[in-house]
Amino acid sequence: MLGSVAASGQESDEKSPFADPDMQPAYQARCHEVRGLTKDRETGATRVDFSVTGPLAYVHFDGTLAYLGLCGTEPDPKVLCVTYQTNDMKVGDLVTVAGGYSRPNPDFIVLDPCLAQWPDEPAQ
């Protein structure tokens, strides 16, 4: 039975923005949904991926890593995607990010490693 669950790569809830590592979640949360969809989700010892679509509020490249921030308008928690390139994304662009979920505090989610893409791009 475990083999069939692991092979699916998806959690059972169709409206879940969470998935097994490196799998595309069946649903991409929107910023206004993030708090409700993650309220009972703790950062565990096993990696789980999370996906959200929203406008970029922050873009920074330090020469090695790119930091893409979205959401964060009250009451939404901020989401930071840690990746390797900005792909010419700019503040205000609508993007979808997905990556390893951690939550240092109730108002801040970090996705690391993370991939960012335009919402109309096919899943990577």
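Residues numbered from 1 in each chain as written. Predicted model: local features only at pLDDT ≥ 70, side-chain atom pairs only at ≥ 80, totals over all residues. Heavy atoms only, no water.

1. A closer look at the overall build of the chain
Reasoning step 1: Across its full length, the chain holds two helices and seven strands.
Reasoning step 2: What you see in the chain, going N to C, is helices and strands ordered as α-β-β-α-β-β-β-β-β.
Reasoning step 3: When the 124 residues of the chain are sorted by exposure, 38% land in the buried category.
Reasoning step 4: For the chain, the share of sequence-separated contacts (at least 6 apart) that also reach a separation of at least 24 residues comes to 50%. (Helix = DSSP H or I, 4+ residues; strand = E, 2+ residues; numbered from the N terminus. Buried < 20%, exposed > 50% of the residue type's maximum accessible area, 1.4 Å probe, protein only. Contact = heavy atoms within 4.5 Å.)

2. Describing the pattern of salt bridges
Reasoning step 1: Overall, the coordinates contain four salt bridges when judged by the stated rule.
Reasoning step 2: Glu33 is the partner of Lys15 in a salt bridge, and the nearest nitrogen-oxygen pair spans 3.5 Å. Of this pair, Lys15 sits in the loop between helix H1 (2–8) and strand S1 (18–19) while Glu33 sits in the loop between strand S2 (29–30) and helix H2 (34–38), and the two are 18 residues apart along the sequence.
Reasoning step 3: Its relative accessible area of 14% is what places Glu33 among the buried residues.
Reasoning step 4: Asp49 is the salt-bridge partner of Arg47, the closest N and O atoms lying 2.8 Å from each other.
Reasoning step 5: A network of salt bridges, in which partner residues are shared, links Asp22, Arg47 and Asp49. (Salt bridge = Lys/Arg side-chain N within 4 Å of Asp/Glu carboxyl O.)

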